[in-house]
Every structure is written in C-alpha cells, then in structure tokens.
Amino acid sequence: MSTPESLETTPAAPVSHAHPRFAEALAELGLQVEVRRFPDATRTAAEAAAAIGCSLSEIVKSLVFTADGAPVLVLMDGSSRVDVELVRRELGAQKVKRADADLVRETTGYAIGGVPPFGHATRTRVLADRRLLDHAVVWAAAGTPHTVFPLDPKTLIAHAGATVVNVREPAK
C-alpha cells in the first residue's frame, strides 16, 4: 500500500496533447515526439504553418481518397495539391475521388483537419509525395485539429508504411 510520502515523490506521467489513439500509436512505435497544442484550430495547412512558424511546404496533409471504392491515404506537402490522375495511374485504378468526412473518420478514426499520417483505425494503403523528402523536418496533425508534431520525413513515411511517389499537381 502506498504512503502519502511515496505518492508525493512519484513523478507524474507527461501530459500528451495528442488524440489518445494517436498517443497510443506513438507509444507502440517507440516514438517520442513533442506534440504541440494550439488554442486555435490548425485544420488547414496554412493555419498550421502560421501557428508553428514554418513554411507551408513543411506541413504534411493527410488526405483520404477512394480508389475504385477502397480508401487510400495520400501524404502531401502543405503547399501542393494532389493530382488525382497521377494517383489513379499509380494505383492502377479506374476511378479516384476525394473521400467524404464520414469515410475519413471511419477509415482513420479521426476527423478531417486532425488526421495524422499513421495510427489509424484501419490499415490503409498510403502514398507519400516525394516532395516531403525535401525537408529535414515536417509537421503533421496529431489526431486533433489543435495538435501537431514534428518528425523527419523518412521516419514519418516509414511509420506510415507509405510508398514514395510523385502525385503532386504541376505548378501553374
């Protein structure tokens, strides 16, 4: 049985600002990252970049699409858009379209604006655009619209189980 003295000297567990499912995924992977929480939502890449103080291209967007009805996650830098035709060709699919909010939550376990690159409710095919590798560190959602975490892109891509591809819309 614990005495009051032993309770006072027991260090408190660090508070995680990450979504509980994502915090569990980090622990399972043995990753210790700093999860930052912001009072205002960082749902969009622009909001996240402004809150963090980094460039838009250092933000990782975790976007869910369907390819012939099956969900697929595309990791894209925040300054770029996904070229759906390139995704279709990469997957050898007939039809690729953006998933709706219900399918995003069902597939990942998270709401749009807070989807992390891994730690999802279901196992999903993941594509990562090659431009993510242009940075030493990238920032991604930690399971809520208010939380982000930094990681080197190679580690992020590896833990996401992603295939590195070119699926970015050409600059106009």
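Preceding block: the structure.
Quick notes on the rules
- Residues numbered from 1 in each chain as written.
- Predicted model: local features only at pLDDT ≥ 70, side-chain atom pairs only at ≥ 80, totals over all residues.
- Heavy atoms only, no water.
- Pairing = 2+ DSSP bridges.
- Helix = DSSP H or I, 4+ residues; strand = E, 2+ residues; numbered from the N terminus.
- Axes fitted to C-alpha atoms, helices over the stretch in contact; angles between N-to-C directions.
- Salt bridge = Lys/Arg side-chain N within 4 Å of Asp/Glu carboxyl O.
- Buried < 20%, exposed > 50% of the residue type's maximum accessible area, 1.4 Å probe, protein only.
- Arc of directions from axis to C-beta.
- Contact = heavy atoms within 4.5 Å.

Student: What exactly am I supposed to notice about the sheet that holds strand β3 (residues 70–77) here?
Tutor: Two orientations exist for strands paired in a sheet by backbone hydrogen bonds: parallel and antiparallel. The sheet built from five strands is open, its strands ordered β4-β2-β3-β5-β8 with mixed pairing. With one partner strand each, in any of the chains shown, β4 (96–98) and β8 (163–165) form the two edges of the open sheet. Each strand of the sheet is rotated relative to its neighbour by a mean of 35°, with strand direction disregarded. Here strand β2 (residues 60–67) pairs with β4 via three bridges, running antiparallel. If you follow threonine 66 over to β4, its bridge partner there is lysine 97.

Student: Which parts of the structure should I look at to understand the pattern of salt bridges?
Tutor: Two side chains carrying opposite charge are able to pair once their charged atoms lie near each other. The full count for this structure, using the stated rule, is five salt bridges. For arginine 36, the salt bridge goes to glutamate 34, with nearest N and O atoms at 3.1 Å. Counted as one network, the salt bridges with shared partners bring together Glu85, Arg88 and Arg89.

Student: Help me out: how do you make sense of helix α2 (residues 20–29) in this one?
Tutor: An α-helical turn contains 3.6 residues, so a residue and the one three or four places further along point in the same direction. Of all the residues in α2, the buried ones are Phe22, Ala25 and Leu26. Down the axis of α2, the smallest arc covering the buried residues is 100°, so these residues share one side. Facing away from the buried side of α2 by over 90 degrees, the exposed positions are Pro20, Ala27 and Glu28. Against β7 (147–151) lie the buried residues of α2. Looking one or two residues beyond α2, the residue adopting positive phi is glycine 30, at roughly 70°.

Student: What's the story with helix α5 (residues 101–108) in this structure? I'm lost.
Tutor: Every buried residue of α5 is accounted for by Leu103, Val104, Thr107 and Thr108. Take α5 and look down its axis: the buried residues cluster within an arc of 105°, on one side only. Set apart from the buried face of α5 by more than 90 degrees, the exposed residues are Asp102 and Glu106. In this structure, the buried side of α5 is in contact with α2, β2 and β3.

Student: For this particular structure, what's the right way to read the sheet that holds strand β6 (residues 138–141)?
Tutor: A sheet is described by the order of its strands in space; here three strands give the open sequence β1-β7-β6, paired in antiparallel fashion. Looking along the sheet, the strands with just one partner apiece sit at the ends: β1 (36–37) and β6. As paired strands, β6 and β7 are joined by four bridges and run antiparallel to one another. Directly across from tryptophan 139, in β7, lies its bridge partner proline 150.

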